[in-house]
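# Analysis of the macromolecular model
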Amino acid sequence: MPEVFRVGSLVFFFYSNEGQEPRHVHVRRGSGSADATGKWWLEPVVMAYADGFNVRERTRIESIILERQQELLDAWNKHFGQS
């Protein structure tokens, strides 16, 4: 589970077995079993799901992804060897 970066309690990461899907990032808050988790497509930035995140958190996450979209795309390409 390669971690790309953290912003406060949010962790932005990939699952290593998902390289065949379109480029996306997972986001987690917390570290226990009842934590919030979500998935956002990167091109275009669209939420796939966001379990446990409220509207304000989802808006903040999407803003972070938009600000750091190229960093996330570059990390995806480096990890999965794709462009």
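Residues numbered from 1 in each chain as written. Predicted model: local features only at pLDDT ≥ 70, side-chain atom pairs only at ≥ 80, totals over all residues. Heavy atoms only, no water.

This part is about the nonpolar core. With 20 residues, the main nonpolar core has F12, V25, W40, F53, I61 and I65 as its most contacted residues. Every element with two or more residues in this core is listed here: β1 (3-7), β2 (10-13), β3 (24-29), β4 (36-42), β5 (45-51), α1 (55-67) and α2 (69-80). For this core, the element with the most residues is α2, which contributes 4 residues. Each residue touching I61, except ones within four places of it in the same chain, is listed here: L10, F12, V27, W40 and F53. (Core = buried A, V, L, I, M, F, W, Y, C linked by side-chain atoms within 4.5 Å. Buried < 20%, exposed > 50% of the residue type's maximum accessible area, 1.4 Å probe, protein only. Helix = DSSP H or I, 4+ residues; strand = E, 2+ residues; numbered from the N terminus. Contact = heavy atoms within 4.5 Å.)

Once that is clear, we can look at the environment of S63. Here S63 is to be found in helix α1. Judged by its relative accessible area of 33%, S63 falls in the partly exposed class. Residues S63 and V45 lie 18 residues apart in sequence; the distance between their C-alpha atoms is 9.6 Å.

Judged by pairing direction, the sheet is antiparallel, and its 5 strands sit side by side in the order β1-β2-β3-β4-β5 without closing on themselves. Each having just a single partner strand, β1 and β5 make up the two edges of the open sheet. Each adjacent strand pair in this sheet contributes to an overall mean axis angle of 20 degrees, direction not counted. Two strands pair when backbone bridges link them, and β3 and β4 are joined in this way by 6 bridges, in the antiparallel orientation. The residue bridging V25 from the neighbouring strand is W40, located in β4. (Pairing = 2+ DSSP bridges. Axes fitted to C-alpha atoms, helices over the stretch in contact; angles between N-to-C directions.)

Tracing the backbone shows H24 in strand β3. With residues up to four places along the chain from it excluded, the contact list for H24 reads F14, E18, K39, W40, W41, L42 and W76. Among the polar contacts listed, one links the side chain of H24 to the side chain of E18, at a separation of 2.7 Å. At 2.7 Å, the side chain of H24 and the backbone oxygen of P22 are in polar contact. (Polar contact = N/O pair within 3.5 Å; in protein donor to acceptor, adjacent residues only side chain to side chain.)

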